Amino acid sequence: MKYVIGIDLGTSSVKTLLVDQQGEIRGEATASYPLIHERPGYSEQNPEEWVNGTVSGLQQLLQESGISPEDIEGVSFSGQMHGLVLLDEQNNVLRNAILWNDTRTTKECREIEQKLGDGLLKITRNAALEGFTLPKVLWVQKHEPELFAKAARFVLPKDYLRYRMTGSVQMEISDAAGTLMLNVPEGKWSEEIIQAFHLPEGFCPPIVGSSEDTGTILPEFAKLSGLSEKTRVFGGGADNACGAVGAGIVREGDAMCSIGTSGVVLTYEEDKNKDFAGKVHFFNHAHPGAFYAMGVTLAAGYSLSWFKDSLASELSFDEMLKPVADLPPGADGLLFTPYLVGERTPHADSAIRASFIGLSGTHRREHMARAVMEGITFSLAESLELFRQAGISTRRIISIGGGAKNPVWLQMQADIFNTPVVSLKNEQGPAMGAAMMAAVGSGWFDSLKECADQFSGYGKIYEPIPANVDTYARLFKLYQQVYSATRELNQGLQEFRG
């Protein structure tokens, strides 16, 4: 029996997953590391923490599984997107990595829009947002010029980890798509953008595919981790691309709904000319030649966590949500908008805030809980609506994350999306997607599609209930009116709070 390892380099921890040739999980390990918040809006990490955490996880994985390192054929990665790691000529790290959730770069975003104009969306297919990498590059260029003068190149988090494992500096394509420097339709770096912002020659590393062989384990990393020097290392993918692969989203007509702290609706696409005018993200997929469109709800699962912590801290999530099943769709006329920390899709608005509408003396805690669940799902449905307006049809939606752990919520998704919703039998998220890329790279399968057929096991199918679909369709129209009706009021309240 041979094995592969998927490494998911997240924001707060790194997960390592050992998978055999049948797609069965034979071991897993997790190691945590800290975030650095020097000032409000700043979010950084020391890249050495990623390396140390990965080494620790691999050591634990090998020790607990008892698998011979010689039987591990391949390793691949999923990684947190957009983080800026600056390297000098010798590939030494010049400063802490600036992460995806760092918000210091609003001025740089406006500068990008002003300088590139319509060319930004034409080239990158994405709007300039603080989370992306190019605004971070410009911030360092402006505020730390002496340090930036030493910068020879940049990489993203998982690509730095791969460099430390193999000694080769490369950038994997699905992650590169989130930098605002890639010509997404063509899958290559944009010389126009590189020249517009006077970036050094060679600043953007060579691009590799997700299942492309990038080398073998360096002797020094093999000694630290316990891996064999013969184990091959493959490109990997951005966390959302890997999550989609792990859920089997590798064919047209398939979409994914992921409800974690934030929420994502993602759909597979093969037409590089799809244009969403920047209203949703459009990135290169891990599957060669494919793309994915993605909408984001900033406070998805976070909205439910906030509600529990505020009004039901003494209950478990299961206890809090149990009475929700007995309530009708629409929570007896109560509506919630999940804008606790602003919104991303379809409203890129950091100032908007959440609201309960229609609250009466007859409503109880379970009504509010159901309204929160419905409001999160309505927000995700707005992304799905944008996909449909662009001519993308979905035959089924694979649901993962916290929203896939509750049968009532799964049925709610099917009813609000008006599309069959499917759960996974054994959800492992982006780490499984990374393992699948290693499996394909190792020659176990000819494509990610073949691998998905073997590795992705599906659970129950939730079909839309026609009466519920009609009810939610009426409520969705009301939900869509709330943003514009409350935007000015929210801005006033923000100023009042100071």
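In this text, all values refer to a predicted model and were calculated from it rather than measured experimentally.

*Asks:* What exactly am I supposed to notice about the overall build of the chain here?
*Replies:* Looking only at helices and strands, the chain has 17 helices and 24 strands in total. Relative to the compact-globule value of 23 Å for 498 residues, the chain shows a C-alpha radius of gyration of 22 Å, a close match. Across its three principal axes, the chain shows a C-alpha extent of roughly 65 × 55 × 45 Å. The buried share of the chain, taken over its 498 residues, is 58%. Taking contacts inside the chain between residues at least 6 apart in sequence as the whole, the part at least 24 apart equals 72%. With the model as given, the accessible surface of the chain reaches about 19,800 Å², and the carbon-plus-sulfur share is 48%.

*Asks:* Sorry, what's going on with the environment of E70 here?
*Replies:* Structurally, E70 is set in the loop between α1 (47-65) and β5 (72-79). Classification of E70 as partly exposed rests on a relative accessible area of 48%. C-alpha of E70 to C-alpha of T231: the two residues are 161 residues apart in sequence and 7.5 Å apart in space. Here E70 is in contact with K2, S228 and K230, once residues within four sequence places are set aside.

*Asks:* Sorry, what's going on with the nonpolar core here?
*Replies:* Burial of nonpolar side chains together is a common tendency in soluble globular proteins. Counting residues in each nonpolar core, the largest one holds 129 residues, and the members touching the most others are L134 and F154. Here the element with the most residues in this core is helix α13 (residues 365-389); it accounts for twelve residues. Dropping the residues within four chain positions of it, F154 is found in contact with L84, V85, L86, T133, M171, T179, M181, W189, F203, C204 and P205. Within the second largest apolar cluster, 33 residues are counted, among which are L99, L161, M165 and L227.

*Asks:* Sorry, what's going on with the pattern of salt bridges here?
*Replies:* Opposite charge on two side chains allows them to pair when their charged atoms are near. A complete count under the given rule lists 27 salt bridges for this structure. A salt bridge links K142 to E111, with the shortest nitrogen-to-oxygen separation between them at 3.8 Å. Highlighted residues: K142 in helix α4 (residues 133-143) and E111 in helix α2 (residues 106-116), separated in sequence by 31 residues. Since its relative accessible area comes to 42%, K142 is described here as partly exposed. With relative accessibility at 27%, the residue E111 sits in the partly exposed group.

*Asks:* Just to check I follow, could you spell out the packing of aromatic side chains for this structure?
*Replies:* The geometry of two aromatic rings is summed up by the distance between their centres and the angle between their planes. Applying the stated criterion across every chain, the model contains 17 aromatic pairs. On the basis of an interplanar angle of 45 degrees and a centroid distance of 5.9 Å, the ring pair of F276 and F282 is categorised as tilted. On the basis of relative accessibility, which here comes to 9%, the residue F276 falls in the buried class. Centroid distance F276 to F387: 6.1 Å. Interplanar angle 75 degrees. Geometry classified as edge-to-face. With F276 in the loop between β17 (263-269) and β18 (281-284) and F387 in helix α13, the pair connects residues that are 111 residues apart, well separated along the chain.

*Asks:* I keep staring at the packing of α13 against helix α17 (residues 466-497) and nothing clicks. Help me out?
*Replies:* When two helices pack together, you describe them by how their axes are tilted relative to each other and by the distance separating the axes. Interhelical geometry of α13 versus α17 gives an angle of 80 degrees and a closest axis separation of 10 Å. Between α13 and α17, the angle is such that the two are roughly perpendicular. From α13, R370, E374, G375, F378, S379, A381, E382 and E385 reach across to α17, where they touch Y472, L475, F476, Y479 and Q480. Residue composition of the contact of α13 with α17, by class: six nonpolar, three polar and four charged.

*Asks:* Would you mind going over the pairing of strand β16 (residues 254-259) with me for this structure?
*Replies:* Every regular strand shows the same layout, with side chains that alternate between the two sheet faces. Buried residues dominate β16, accounting for six of its six residues. Along β16, one buried face is formed by D254, M256 and S258 and the opposite face, lined by A255, C257 and I259, is buried too. Here β16 pairs with strand β22 (residues 396-401) via six bridges, running parallel. Looking across to β22, one finds that M256 is bridged to I398.

*Asks:* Mind showing me how you'd approach helix α11 (residues 301-311) here?
*Replies:* Residues that lie three or four places apart on an α-helix share one face, since the helix turns once every 3.6 residues. The complete set of buried residues in α11 reads G301, S303, L304, F307 and K308. One side of α11 carries all its buried residues, which in axial view fall inside an arc of 160 degrees. Check the buried side of α11 and you find it contacts β16, α12 (317-321), β20 (335-337), β21 (355-357), α13 and α14 (407-417).

*Asks:* Can you help me understand the side chain of T337 in this one?
*Replies:* Within the fold, T337 resides in strand β20. Take T337: its relative accessible area is 1%, and that puts it in the buried class. Among the polar contacts listed, one links the side chain of T337 to the side chain of S355, at a separation of 2.9 Å.

How each quantity is defined
- Residues numbered from 1 in each chain as written.
- Predicted model: local features only at pLDDT ≥ 70, side-chain atom pairs only at ≥ 80, totals over all residues.
- Heavy atoms only, no water.
- Helix = DSSP H or I, 4+ residues; strand = E, 2+ residues; numbered from the N terminus.
- Rg over C-alpha atoms; globule rule 2.2 N^0.38 Å.
- Buried < 20%, exposed > 50% of the residue type's maximum accessible area, 1.4 Å probe, protein only.
- Contact = heavy atoms within 4.5 Å.
- Areas by Shrake-Rupley, 256 points an atom, 1.4 Å probe, with all protein chains shown as cover.
- Core = buried A, V, L, I, M, F, W, Y, C linked by side-chain atoms within 4.5 Å.
- Salt bridge = Lys/Arg side-chain N within 4 Å of Asp/Glu carboxyl O.
- Phe/Tyr/Trp six-rings, centres within 6.5 Å; stacked < 30°, edge-to-face > 60°.
- Axes fitted to C-alpha atoms, helices over the stretch in contact; angles between N-to-C directions.
- Parallel < 35°, antiparallel > 145°, perpendicular 65-115°, else oblique.
- Nonpolar A, V, L, I, M, F, W, Y, C, P; charged D, E, K, R; others polar.
- Pairing = 2+ DSSP bridges.
- Arc of directions from axis to C-beta.
- Polar contact = N/O pair within 3.5 Å; in protein donor to acceptor, adjacent residues only side chain to side chain.

These figures capture arrangement, not role.
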